[in-house]
Amino acid sequence: MDMLELALVLFAIALVAGGIDAMAGGGGLLTVPALLWAGVTPVQALATNKAQSVFGSFAATARFVRAGAIDLRGAALAVGCTFVGAAAGALAVQVLAKDLLAGLVPVLLIGFALYFLFSPRVSDLDSRRRIGDATFALTVGAGVGFYDGFFGPGTGTFFAMGFVALLGYNLRRATAHAKLLNFTSNLAALLLFIAGGHVVWALALSMAVGQFIGGWLGAHLVLRHGARLVRPVLVAMSLAVSAHLLWERFEAKEAATPSAQAGTAAQ
């Protein structure tokens, strides 16, 4: 496959992933494997994924802002805390192990999927808030931001869950504000990856175009259809990310068993 064909394939994958990310998050399930298939190293895949996904999250955020779905002034503190948290997470991942999160995140996402599926709070109507904006920014903003810089899968779901369960936002409004914070955490992590020279720009740029278009279209669908569309997509992507992470842990354990190691040695 020549470079033009590869760019077209990655563009198409990023287009779909951008739409999914705008609605529920989880587009990395498509883009990271695609980048690994393209032949880059795991670190380059993660860095390049941030470089292309930041365009999708920006496009979705811009669409939501244009529609008046995001309160930029009210979200300013959460944006700042998310940026700092994501930058700290991107630095911490270089020295700390991810094993604990790899086991915990699937359980949390399955729980969130059940919440989104059955809770009456998840609708097109706002409900009662439980905490103030400053507390939300310092806990969910900084905490989930750190998680995105450190590990990442399901970040959009975590943000949306926080807005719905803690601030009482309806699902359309929660999705819009979650995308703003997701763009912030993507940008913070990307800046550190750029500083480390890990981004493969030849691949990132073609994917960025697909992400931008997909993010804009996905945000349009959220604004038009609200909870009727977002709820099932959020549930499906939460379960998909959980299954993906659990399968990765199963494969890692299988590879570490004595029988697998003996087979490798025999070869």
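Further up the page is the structure itself.
We now turn to the structure provided with this report. (Residues numbered from 1 in each chain as written. Predicted model: local features only at pLDDT ≥ 70, side-chain atom pairs only at ≥ 80, totals over all residues. Heavy atoms only, no water.)

## Some remarks on the overall build of the protein chain
Step number 1: Of regular secondary structure, the protein chain possesses 11 helices and zero strands.
Step number 2: In sequence order, the secondary structure elements of the protein chain are arranged as α-α-α-α-α-α-α-α-α-α-α.
Step number 3: Here the protein chain, with 267 residues, has 49% of them falling under the buried criterion.
Step number 4: Of the contacts formed within the protein chain by residues at least 6 apart in sequence, a portion of 82% connects residues at least 24 apart.
Step number 5: When the accessible area of the protein chain is evaluated, it comes to approximately 12,300 Å², of which 70% is carbon and sulfur surface. (Helix = DSSP H or I, 4+ residues; strand = E, 2+ residues; numbered from the N terminus. Buried < 20%, exposed > 50% of the residue type's maximum accessible area, 1.4 Å probe, protein only. Contact = heavy atoms within 4.5 Å. Areas by Shrake-Rupley, 256 points an atom, 1.4 Å probe, with all protein chains shown as cover.)

## A closer look at a nonpolar patch on the surface
Step number 1: Residues Phe83, Val84, Leu187, Leu191, Ile194, Trp201 and Leu205 make up a contiguous nonpolar surface patch of roughly 610 Å² in combined accessible area.
Step number 2: For the nonpolar patch, the secondary structure elements donating two or more residues are α4 (72–92), α8 (171–195) and α9 (201–225).
Step number 3: Here the element with the most residues in the nonpolar patch is α8; it accounts for three residues.
Step number 4: A residue is classified by how much of its surface remains accessible, and Leu187, at 30% relative accessible area, is partly exposed. (Patch = residues over 30% accessible without salt bridge, like charges linked within 9 Å, V, L, I, M, F, W, Y side chains within 5 Å. Salt bridge = Lys/Arg side-chain N within 4 Å of Asp/Glu carboxyl O.)

## Overview of helix α2 (residues 28–37)
Step number 1: Taken residue by residue, α2 has Thr31, Val32, Ala34 and Leu35 as its buried positions. Here the buried residues of α2 occupy an arc of 160° about the axis, which is enough to place them on one side.
Step number 2: Summarising the contacts, the buried residues of α2 are in contact with α1 (3–23), α3 (42–66) and α9.
Step number 3: Within two residues after α2, Gly39 carries a phi angle of roughly 105°, on the positive side. (Arc of directions from axis to C-beta.)

## Notes on the pattern of salt bridges
Step number 1: Applying the stated rule across the entire model yields two salt bridges.
Step number 2: Taking the shortest distance from any N to any O, the salt bridge between Asp148 and Lys50 comes out at 3.1 Å. Taken together, the residues Asp148 in helix α6 (residues 133–150) and Lys50 in helix α3 connect sequence positions 98 residues apart. Like Asp148, the residue Lys50 is buried in the burial classification.
Step number 3: Put simply, Asp133 and Arg129 hold a salt bridge, and the shortest N to O gap is 3.1 Å.
Step number 4: Judged by relative accessible area, Asp133 falls into the partly exposed class, the value being 38%.

## Considering the nonpolar core
Step number 1: Residues Phe64, Phe136, Phe159, Phe163, Leu171 and Leu181 are the most contacted members of the largest nonpolar core, which totals 43 residues.
Step number 2: Among the elements of the structure, α1, α3, α4, α6, α7 (155–167), α8, α9 and α10 (227–256) are those that each provide at least two residues to this core.
Step number 3: No other element matches the seven residues that α10 contributes to this core. (Core = buried A, V, L, I, M, F, W, Y, C linked by side-chain atoms within 4.5 Å.)

## Some thoughts on the packing of α1 against α2
Packed helices, taken two at a time, are described by their axes: the angle between them and the distance between them.
Step number 1: Two elements in contact, α1 and α2, have axes separated by 8 Å at closest approach and are oriented at 160°. In this view, α1 runs roughly antiparallel relative to α2, as classed from their interaxial angle. As α1 runs across α2, the sense of the crossing is left-handed. Contacts from Leu6, Val9, Leu10, Ile13, Ala14, Val16, Ala17, Ile20 and Asp21 in α1 reach Gly28, Leu30, Thr31, Ala34 and Trp37 in α2. (Axes fitted to C-alpha atoms, helices over the stretch in contact; angles between N-to-C directions. Parallel < 35°, antiparallel > 145°, perpendicular 65-115°, else oblique. Left-handed = near helix turned anticlockwise from the far one by under 90°.)

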